[in-house]
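# Structural overview
Single-letter residue listing:
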Amino acid sequence: MGFFDGLKRDKKAAETIASVKREQEAAQADPEIPDIEDIPVIEREVPYLRDDSQPAARMNATADSESESVVEREIKTYAEKARVHHVIGTTKVLAIINQKGGVGKSTTAINLSATIAAAGKQVLLVDLDPQGNASSGLGIEKGRVEHCIYDVLLNDVPIEEAIIPDVCEGLDVVPATINLAGAEVELVSEMARENRLRDAVGSLRGKYDYVFIDCPPSLGLLTVNALVAADKLLIPIQCEFYALEGVTKLLDSMKRVKSRLNPKLDIFGVLLTMYDGRTTLSRQVADEVRQFFGRTVFETMIPRTVKLSEAPSFGQPINEYDPTGKGAQAYGDLAKEVIKRG
């Protein structure tokens with residue numbers, strides 16, 4: 001039985017192959033021509049060809065128009081600044097400072113400045129950190145910057161020439177570039193080295209409501225310049241282990257500067273950052289900081305969120321990148337506290 005079953009299968013397969021072959025030959029002899037209306041129209045998006053006569057924005061167009069991209073800010077001069085339509089009061093110069101790195105100084109500098117500016121205030125952000133995170137976090141391409149804070153401190157360039165106006169609504173920026181990395185050494189031999197930033201910022205009093213200085217994570221000459229130039233200090237402290245490490249040295253430096261160079265210097269506020277209410281450690285650190293600093297600690301605590309980490313990579317402050325998120329809400333509440341404290 002098995003032998004005959006195999007023969008039957010082979011015969012059936014041969015008949016099937018022959019049938020298919022006959023159909024193919026018939027199709028070749030009399031091919032069916034489809035009606036033109038039945039042919040589907042396929043629309044393809046043709047990428048722009050490189051043409052020097054076309055605008056740069058068109059040449060940089062991508063096939064996927066919905067994909068997110070980094071916001072590249074236009075580099076303008078101070079003379080092109082938009083007109084200010086409200087009366088400026090006393091300018092408040094606040095240094096955002098902590099000797100410890102990774103506590104949210106640049107994140108706070110970017111988002112607090114932008115949020116206060118969005119509330120109708122005129123704000124200047126001075127990036128004094130050689131890493132230039134505040135500059136790049138606002139979409140400023142450092143390679144296109146003509147003058148930065150280094151030129152102001154060491155080349156006697158007027159600070160107005162280094163200001164990039166209207167980076168966001170109401171927010172101007174004095175950027176930092178890699179040149180600032182050598183400023184610590186070069187300032188050593190300069191006359192009145194501690195007063196360079198104070199003299200520069202002094203010419204802007206009355207033109208801005210707030211001047212924020214993003215300080216480097218060190219206690220070198222750049223930080224001393226910020227301590228001398230500032231009216232008060234805003235100290236971010238992360239809600240993690242070693243939160244208060246280094247703060248004692250910062251307070252000692254503040255006291256020395258206050259006694260010899262800047263008598264009005266004081267703490268404006270202490271900000272708790274990277275807070276996660278789900279962990280016991282965050283709650284314990286928050287309680288410890290409040291016991292140590294008392295009423296100077298802001299009621300607002302900045303939560304640990306992914307959106308706050310993502311926003312700088314797109315060159316936007318959190319109120320533009322994720323305006324309805326909890327990070328934007330937290331910095332909005334902080335801005336209200338800062339304005340209320342005066």
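Parameters at a glance
Residues numbered from 1 in each chain as written. Predicted model: local features only at pLDDT ≥ 70, side-chain atom pairs only at ≥ 80, totals over all residues. Heavy atoms only, no water. Pairing = 2+ DSSP bridges. Helix = DSSP H or I, 4+ residues; strand = E, 2+ residues; numbered from the N terminus. Axes fitted to C-alpha atoms, helices over the stretch in contact; angles between N-to-C directions. Contact = heavy atoms within 4.5 Å. Buried < 20%, exposed > 50% of the residue type's maximum accessible area, 1.4 Å probe, protein only. Parallel < 35°, antiparallel > 145°, perpendicular 65-115°, else oblique. Nonpolar A, V, L, I, M, F, W, Y, C, P; charged D, E, K, R; others polar. Salt bridge = Lys/Arg side-chain N within 4 Å of Asp/Glu carboxyl O. Expected span 1.5 Å × (residues − 1).

### Remarks on the sheet that holds strand E6 (residues 232-238)
In space, the eight strands of this open sheet follow the order E3-E4-E2-E5-E1-E6-E7-E8, with mixed pairing throughout. Looking at which strands have only one partner, the edges of the open sheet turn out to be strand E3 (164-168) and strand E8 (297-303). Strand after strand, the sheet turns through a mean of 25 degrees between neighbouring axes, direction not considered. Helix H11 (residues 280-293) rests against E6, strand E7 (266-275) and E8 of the sheet, and its axis sits at about 175 degrees to E7.

### Examining unusual backbone geometry
Phi is positive for aspartate 166, close to 55 degrees, though the residue is something other than glycine. Considering the arrangement of structural elements, one finds aspartate 166 in strand E3. One non-glycine residue, methionine 274, adopts positive backbone phi at about 55 degrees. One can find methionine 274 in strand E7. Given the relative accessible area of 21%, methionine 274 is considered partly exposed.

### Quick word on the packing of helix H3 (residues 105-118) against helix H14 (residues 326-341)
Two elements in contact, H3 and H14, have axes separated by 9 Å at closest approach and are oriented at 70 degrees. On the basis of the axis angle, H3 is roughly perpendicular to H14. Contact residues: H3 offers Thr107, Thr108, Asn111, Leu112, Thr115 and Ile116, while H14 offers Tyr331, Gly332, Leu334, Ala335, Val338 and Ile339. Taken together, the residues that form the contact of H3 with H14 break down as seven nonpolar, five polar and no charged.

### Considerations on the pattern of salt bridges
Counted by the stated rule, this structure contains eight salt bridges. Residues glutamate 160 and lysine 207 are paired through a salt bridge, measuring 3.7 Å at the closest nitrogen-oxygen approach. A residue pair is termed long-range when its members are at least 10 positions apart, and glutamate 160 in helix H6 (residues 159-162) and lysine 207 in the loop between helix H8 (196-202) and strand E5 (210-214) qualify at 47 residues. Glutamate 194 is the partner of arginine 193 in a salt bridge, and the nearest nitrogen-oxygen pair spans 3.5 Å. Connected via shared salt-bridge partners are Arg205, Asp231 and Lys264.

### Re H3
Working note: α-helix, 3.6 residues per turn, so residues spaced by three or four point in the same direction. Taking 1.5 Å of rise per residue, the 14 residues of H3 would be expected to cover 20 Å, and the 20 Å separating its terminal C-alpha atoms lies within 8% of that figure. Most of H3 is tucked away, with twelve of its 14 residues classed as buried. Within H3 the residues assigned to the buried category are Lys105, Ser106, Thr108, Ala109, Ile110, Asn111, Leu112, Ser113, Ala114, Thr115, Ile116 and Ala117. Phi turns positive, to about 100 degrees, at glycine 120, one or two residues after H3.

No statement about biological role is implied by the geometric values presented.
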